[in-house]
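A structural walkthrough
Below are the chains, spelled out letter by letter.
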Amino acid sequence: AQKVTQAQTEISVVEKEDVTLDCVYETRDTTYYLFWYKQPPSGELVFLIRRNSFDEQNEISGRYSWNFQKSTSSFNFTITASQVVDSAVYFCALSDSNAGNMLTFGGGTRLMVKP
Amino acid sequence: GAGVSQSPSNKVTEKGKDVELRCDPISGHTALYWYRQSLGQGLEFLIYFQGNSAPDKSGLPSDRFSAERTGGSVSTLTIQRTQQEDSAVYLCASSLWAASYEQYFGPGTRLTVT
């Protein structure tokens, strides 16, 4: 069975600080996909990134970066120079062929960025 | 282009009544998913449609829940004889193909059972 754990339920930072959101996953499959979604106060889940299990290259998109490490089954998300607009709940998710194509979500991390 | 739309945005119903929730996926997306988000259970998968294949109903919590997808596009999630524990936000998502592709979510329907 697949499982996603986001141990940090809530993080509070001051604007311009860097922050890393942790994600650890479990799966028996060798082919799987990892995702991060953002859920701002408005409620709609916004797709941020997708990685497949064969691509361990880290990725940077503006102030966002992702560190995928298969050796530790982790897919961590870093926001550099955080801004108030980054305040949201962030979800890490996993899909694999054994899961029947649906996403298994972590419990989410609520990030609060204070001015 | 247009994203995933859901209606109604809010629904308040009395315990025991049936409700129907609607989802319009992104045009051209073959896969459609329903999830439920509640305080106690987080985000849970309910049901998945892929093209004309039989749906994956493995996440439906009871036989009071059912869903259909007509013409490979619009989907309706029906909850019969609603219970208070059914109160949650019901989210619909679509993706181009299967879960190897990113899923795009609608704004959700907040269901409150009184």
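Up top is the structure these notes are about.
Given the structure is predicted, the values throughout are model-derived calculations rather than measurements. (Residues numbered from 1 in each chain as written. Chains lettered and ligands numbered in written order. Predicted model: local features only at pLDDT ≥ 70, side-chain atom pairs only at ≥ 80, totals over all residues. Heavy atoms only, no water.)

Quick word on the side chain of His29(B)
All names here are of chain B. The condition that has to hold: Strands are runs of DSSP state E lasting at least two residues, helices are runs of H or I lasting at least four, and both sets are numbered from the N terminus onward. Each residue's exposure class comes from its accessible area (1.4 Å probe, protein chains only) as a fraction of the maximum for that residue type: buried when under 20%, exposed when over 50%, partly exposed otherwise. Definition of a polar contact: a pair of N or O atoms within 3.5 Å, with one able to donate and the other able to accept a hydrogen when the atoms are protein atoms, and with sequence-neighbouring residues admitted only if both atoms are side-chain atoms. The contact rule is simple, with two residues in contact once any of their heavy atoms fall within 4.5 Å.
Tracing the chain through its elements places histidine 29 in the loop between strand S3 (19-24) and strand S4 (31-38). Look at histidine 29 and you get buried, because its relative accessible area is 11%. A distance of 3.4 Å separates the side chain of histidine 29 from the backbone nitrogen of serine 95, its partner in a polar contact. For histidine 29, the residues in contact, after removing those within four places along its chain, are Arg69, Ser94, Ser95, Leu96 and Tyr104.

Some thoughts on the state of the cysteines
Among covalent bonds in proteins, the disulfide is the one between the sulfur atoms of two cysteines. Going by this rule: Any cysteine sulfur atom paired with another within 2.5 Å is treated as part of a disulfide.
Using the criterion set out here, one finds 2 disulfides over all chains in the structure. One disulfide bridge connects Cys23(A) with Cys92(A), the sulfur atoms lying 2.0 Å from each other. Its torsion about the S-S bond being -65°, the disulfide of Cys23(A) and Cys92(A) is classed as left-handed. You can see Cys23(A) sitting in the loop between strand S3 (19-21) and strand S4 (24-26) and its partner Cys92(A) sitting in strand S10 (residues 88-96), a full 69 residues away along the chain. Judged by its relative accessible area of 0%, Cys23(A) falls in the buried class. Residue class for Cys92(A) comes out buried when judged on its relative accessible area of 0%. Residue pairing for Cys23(B): its cysteine sulfur links by disulfide to Cys92(B), the two sulfurs lying 1.8 Å apart.

Concerning the sheet that holds strand S6 (residues 65-69) of chain B
All names here are of chain B. Convention followed: A pair of strands counts as paired when DSSP detects no fewer than two bridges linking them. Under this scheme, a helix contributes an axis fitted over its contacting stretch, all axes are lines through C-alpha atoms, and angles between N-to-C directions fall in the 0 to 180 degree range.
Taken together, the 4 strands give an open sheet; going across it, the order is S1-S3-S7-S6, and neighbouring strands pair in antiparallel fashion. Taken across any chain shown, the strands that pair with only one partner, and hence form the sheet edges, are strand S1 (5-7) and S6. Across this sheet, the average inter-strand angle for adjacent strands is 15°, counted without regard to direction. Bridge analysis of S6 against strand S7 (residues 75-79) gives 5 bridges, and the strand direction is antiparallel. Each residue of the ladder has a partner; that of glutamate 68, found in S7, is threonine 76.

Things to note about the interface of chain A and chain B
Much of the literature gives interface size as the accessible area that the parts lose upon coming together. Worth spelling out the cut-off: The quantity reported as buried area is the accessible area (1.4 Å probe) lost by two parts once they are put together, taken as the sum for both. Between Lys or Arg on one side and Asp or Glu on the other, a salt bridge is scored when a side-chain nitrogen of the former is within 4 Å of a carboxyl oxygen of the latter.
If you look at the interface, chain A gives 15 residues, while chain B gives 19 residues. Summed over both sides, the interface between chain A and chain B buries roughly 1500 Å², with carbon and sulfur atoms accounting for 59% of that surface. Where chain A meets chain B, there are 1 salt bridge. The tally of links from chain A across to chain B stands at 4 residue pairs in polar contact (both at pLDDT 80 or more). Of all the secondary-structure elements, those providing two or more residues to the side of chain A that touches chain B are strand S5 (32-39), strand S6 (46-52) and S10 of chain A.

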